[in-house]
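Understanding the architecture of this molecule
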Amino acid sequence: MRLVPIALLIAGTLVAGESGGYHWNLPRGFPIPRVPAGNPMSEVKARLGRYLFYDQRLSVNGKQSCATCHRQELAFTDGRATSVGATGEMHPRSAMSLVNVAYSAALTWSDPALRSLEEQALVPMFSEHPVELGLRGHADAVLAALRADPIYRELFPLAFPEPHASHNVFTIANVARALATFERTIVSARSPYDRFHTGGEEDAISESAKRGETVFFSDPVAACFRCHGGFNFSDAVAFEGSGAGAVKFHNTALYEVYAGPNRGIFEHTRKPSDAGKFKAPSLRNIALTAPYMHDGSIATLEEVLDHYAAGGRGHGNPNKDPLIRKVELTPQNRVDLIAFLRSLTDAALLRDPRFSNPWN
Amino acid sequence: MRQHSIAWVTFALFLASTSWAGSLHRQELTPAPQGPYRVDHNQILDSAGHPYLMRGTQLTDFHPRTAAWDNRGEPDFGPHSPTSLTAIRLRFNMNAVRLPLDIREADGPGYFAELAKVVRRANQLELLVILAAREPGAALPSSRGVEFWTRCAAAFKDYPNVIFEAFADPSPAAVPSGVDPHSAAGWEIWRRGMAPLVEVIRAAGAAQPIVLTSWNDDRMFEGAGDAPLSDGGNVVYGISPRYATTTTDAQREARFGFLARRAPVTANGWDLELDSPAACAAIPSEPGAVSDMVRANLEDLDARRISWTMSVFTPGKLVKELVVEDATTLQNGWTCGPQRRTWAGLGRVLAGYLRATEERGIFVVGAVGGVDIPRGGFANGYGPVMAERDAQAHGPHLPRSLGGVAVQVTDSAGVARRAGIFWVSAGWGQVNFVVPEESALGRARVTLLRNDGSRLRTTITIADTAPGFRTLVNCAGPAVGTAIQVFADGHKSTTPIAACQNLECRTLAVPMSKGAATQARVLVSGFRNAASARDIQVTIGGKRVPVISYGPDGDPGMDQLTLAIPPSLRGLGETDLVAHVNGRVANVVRIRIGG
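About the cut-offs
- Residues numbered from 1 in each chain as written.
- Chains lettered and ligands numbered in written order.
- Predicted model: local features only at pLDDT ≥ 70, side-chain atom pairs only at ≥ 80, totals over all residues.
- Helix = DSSP H or I, 4+ residues; strand = E, 2+ residues; numbered from the N terminus.
- Rg over C-alpha atoms; globule rule 2.2 N^0.38 Å.
- Buried ≥ 20, exposed ≤ 12 C-beta atoms within 10 Å, placed from the backbone.
- Contact = placed C-beta atoms within 7 Å.
- Pairing = 2+ DSSP bridges.
- Axes fitted to C-alpha atoms, helices over the stretch in contact; angles between N-to-C directions.
- Core = buried A, V, L, I, M, F, W, Y, C linked by C-beta atoms within 7 Å.
- Parallel < 35°, antiparallel > 145°, perpendicular 65-115°, else oblique.
- Left-handed = near helix turned anticlockwise from the far one by under 90°.
- Arc of directions from axis to C-beta.
- Domains from an automatic or database assignment.
- Nonpolar A, V, L, I, M, F, W, Y, C, P; charged D, E, K, R; others polar.

**Brief notes about the overall build of chain B**
From N to C terminus, chain B includes 10 helices and 34 strands. Taking 2.2 N^0.38 as the reference for a compact globule, 595 residues should give roughly 25 Å; the C-alpha atoms of chain B span a radius of gyration of 25 Å, in line with that estimate. Its C-alpha atoms give chain B principal-axis dimensions of about 80 × 60 × 45 Å. Across the 595 residues in chain B, those meeting the buried criterion constitute 53%. Sequence separation of at least 24 residues holds for 71% of the intrachain contacts in chain B that already meet a minimum separation of 6.

As structure tokens, this is what we get:
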């Protein structure tokens, strides 16, 4: 592991700071993310979170880190239908992208109660069904290892300044806070479509992608935007001033009957009408995040279009969202929609050093 | 009044699936016909001496046996109905229609009387009519054609806004074997074939321009040279170019461009021949390339000052269906061969071109779809509105921002004002707003500003008046408003004149009780700035009716027009309500006069 002077690293990743707090330096059209009062944003905390995110010592056997299932080059997904934990246990669902996760009104595919990244960070660390990072019972050992690392010895006190020097800042809670802070900085808005739509670069996307935009945003045709609209191409977004409305979850008629443990928010609410309802994920970088759907059961974007054009495949599902209906897409519509979806890929994000593995 | 605001949204939603192809030339209202016309060198001049270019489309053929059906007002508006004709005028900004006639049908009784109804209707609605005679099976006009024009010219000699197309499809098959139709000898055969038609039309006393169409092959007037093609005066030369075979400037120049410098030329057809395998194979597979190709041809015709009637006003050509009058598009692709879907066509390309609207940009129209928009009146912007959410506001004080979208109108004096907004769509839909009353007349810029920092611009023309009748669906169908009866004892009764359910609307009878004075108060837009009631002409079933009052209705952008319904109309039934303000026609709607 190559050590880099901490002060240099921090200076190199400053994102337009502002007195008394954090300056988001957000792209045009992006609102300010909602941040818990107990975990204000700071540059150094994000830096700490980045180290932790890529640190394999945060798994029971030193084999995995958060980045194992959230790879930068895949828009922070893992390319698998369903993820595999440090001990080899298979997760029932596909790893979600962390891009723009700061704006997610609900976290994971289908937990309506899980609203903060700080809470969510604990799930992969300590869950047992399935085991992901497998830290249950190993927290003290992990914290001891972190405390022993000179990088963390410098970063933790800076990230969590305490009035009393004797106060222990090496806690799991602070690990979660730092991870959440780093994840909130992963903002993607430099796709060709962004350059076209808000940047006014007429040639940033192809004519085909422009036609695909029309199809995507048109009610009488595909109406994709009804669930995947807005700046983050998802209807499950939250930000400062957006209110605290209920998050929408959708049954896309992927199956006639959804089997446990993949029954969507039903797993939490136990309401039959909630069976099969999942969050509409952001479509930013969607070309990189195959396979698709909550269980990775659809391999390609083309097949996803087929699924929706057919009005789903579970036509008898009583919870099917009324927005899922058979639509007549021409071959040209399909080509254009795919071109549009590919225009949402933010290539700069994939190699942005602010989000890369700092241990390399 | 709230339900009316919703209704504006509803009718416009029918049109919202649009990305309009367009070009960058200036948006202008195509001039309404003002005959009689005369040919001067290579121009057609109207009665005021202004050059006149036809910009139109073809109607479906006139047949006396289907005339009533083609003129139907309900349920889906026939292709020759006033509703369809005003759609051509207002939505597409066209000023001419080509009406094909099968001369074999002209022998029947009442043929020309029935045809005259269609012609008068189109002329009244600001459309010049080209009567195009077809003689199926004949290579050059026969004696039957001569006899037809003797009668037809006599019937229409007093119609200043009619042009005659003498013979639609002269075939090179008329030329003896071994003679090149595009040689001097070939053109002499063509000239001698056309001459009798010109002679009989003039002999009948008809002085209108006559279109003489080239050989119906791909070479058109190629080889005609400098020799006079016709001995007659007031002649316009007709061409029917094809995309597959006329693709280069050199071909255009050789086939008709040279002629357009010394005589007026008009083009018809130039549709995409998707049902012809060879012609379809020549069409690029990329829709954008086809749109570019079509626009390039239109721009070429404009540059040469050539008139045109393009495509056909029928499903699959200009419109997807006559009820909705939704323009067809190439954007969704097409298949060669018989069309399984009716949406592939030139509609949006032509509409975009004639409105100078940027492709996939915002497309702003007046309340009834017209090009000019009244100050203080209602306007719809179609296209990528992409508001944060669907949102609706209510008057009388409309918000200047709604759903994260604002609309700025910069008038011809350079003054920018925020418009009050009724409605915004989350996706590709519409923004409905009121053009600020204080706006200066003339060319103005509309800018749609979104909260995410992106914006769209387009141009509009702000007018004092741009009349339109409110309807609940799609600018067509029943007029909206109330009938008011005032009885001798002074008491009044008020009843609605239309009823709608699930976007299906029907007229309700205006009661005409004996002893009562009856008025109809209809909802309109673009009337308020008329200088006086004398500037407003209204007919019901072709009968002129007095205007009692007009002006703002109370809701932003809305006006009212109150008409006296004369007792002589009692029992008329459902008929057309037609209005002109300062010479501009409104969309034609339906009204029912009871017994």
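Following the structure, the description resumes.
**Brief notes about the overall build of chain A**
A count of helices and strands for chain A gives 14 helices and two strands. By the compact-globule yardstick of 21 Å for 360 residues, chain A fits well, its C-alpha radius of gyration being 21 Å. Across the 360 residues in chain A, those meeting the buried criterion constitute 48%.

**Some remarks on the sheet that holds strand 6 (residues 162-165) of chain B**
Judged by pairing direction, the barrel is parallel, and its eight strands sit side by side in the order 3-4-5-6-7-8-9-10 (chain B) before closing back on the first. Adjacent strand axes in the sheet meet at a mean angle of 25° when their direction is disregarded.

**A look at the nonpolar core**
Core analysis: the largest hydrophobic core is formed by 196 residues, its most contacted members being L99, V129, L131, A166 and I421 of chain B. The biggest single contributor to this core is helix 6 (residues 184-203) of chain B, with eight residues. Here I421 of chain B is in contact with A393, L398, P399, L402, V407, V431 and F433 of chain B, once residues within four sequence places are set aside. Ranked by size, the runner-up nonpolar core spans 53 residues in total, among them M125, L146, I151 and F182 of chain A.

**Thoughts on the packing of helix 4 (residues 117-126) of chain A against helix 7 (residues 172-184) of chain A**
Residue and element names in this part refer to chain A. Two elements in contact, helix 4 and helix 7, have axes separated by 8 Å at closest approach and are oriented at 110°. When the axis of helix 4 is compared with that of helix 7, the two are roughly perpendicular. Here the hand of the crossing between helix 4 and helix 7 comes out right-handed. In contact with L117, E118, A121 and L122 of helix 4, helix 7 contributes A176, R177, L179, A180, E183 and R184.

**As for helix 6 (residues 150-159) of chain A**
Turning to helix 6 of chain A, its buried residues number three or more, namely I151, Y152, L155, F156 and A159 of chain A. Projection of helix 6 of chain A onto a plane perpendicular to its axis shows the buried side chains occupying an angular sector of 105°, all on one side.

**Some points on the domain arrangement of chain B**
Domain parsing of chain B yields domain 1 (32-273 + 301-324), domain 2 (363-463) and domain 3 (469-593). Look at where the C-alpha atoms of domain 1 of chain B and domain 2 of chain B centre, and you get two points 39 Å apart.

**Quick notes on the interface of chain A and chain B**
Opposite the 21 residues of chain A that make contact, chain B presents 18 residues. For the side of chain A that touches chain B, the elements supplying multiple residues, two or more each, are helix 9 (207-216) and helix 13 (331-342) of chain A. The element best represented in the side of chain A that touches chain B is helix 9 of chain A, accounting for four residues.

**With respect to the domain arrangement of chain A**
When the parts of a complex come together, some accessible area is lost, and that lost area is often taken as the interface size. Residues and elements named next belong to chain A. Segmentation of chain A into domains returns domain 1 (6-188 + 349-355) and domain 2 (192-347). Contacts between the two partners involve 33 residues from domain 1, matched on the other side by 35 residues from domain 2. When its residues are assigned to classes, the side of domain 1 that touches domain 2 shows 19 nonpolar, nine polar and five charged.

**Notes on the pairing of strand 32 (residues 573-581) of chain B**
In summary, the side chains of a regular strand alternate between the two faces of the sheet. Residues and elements named next belong to chain B. Pairing of strand 28 (residues 536-540) with strand 32, which is carried by five bridges, proceeds in the antiparallel orientation. In the sheet register, T539 faces strand 32, and the bridge partner there is V578. As judged from the five bridges shared by strand 32 and strand 34 (residues 589-593), these two strands associate in the antiparallel manner. Along strand 34, the bridge assignment pairs T575 with I591.

**Some points on unusual backbone geometry**
Residues and elements named next belong to chain A. Note that the residue after H129, namely P130, is joined by a cis bond; omega there is 0°. Along the chain, the position of P130 falls in the loop between helix 4 and helix 5 (139-148). Residue P291 follows A290 across a cis peptide bond; omega there is -10°. Of note, P291 is situated in the loop between strand 2 (278-279) and helix 12 (301-309). Even without being glycine, F233 reaches a positive phi, approximately 55°. Note on placement: F233 falls in the loop between helix 10 (225-228) and strand 1 (249-250).

**Details of the pairing of strand 15 (residues 405-410) of chain B**
All names here are of chain B. Looking at chain direction, strand 15 and strand 19 (residues 442-450) are connected through six bridges and run antiparallel. Its bridge partner being in strand 19, V409 is matched across the sheet by V446. Alignment of strand 15 against strand 16 (residues 416-418), held across three bridges, turns out to be antiparallel. Note on strand 16: the bridge partner recorded for T410 is A416. Remark: five residues form the turn of the hairpin made by strand 15 and strand 16, two consecutive strands paired antiparallel; G414 in that turn has positive phi of roughly 85°.

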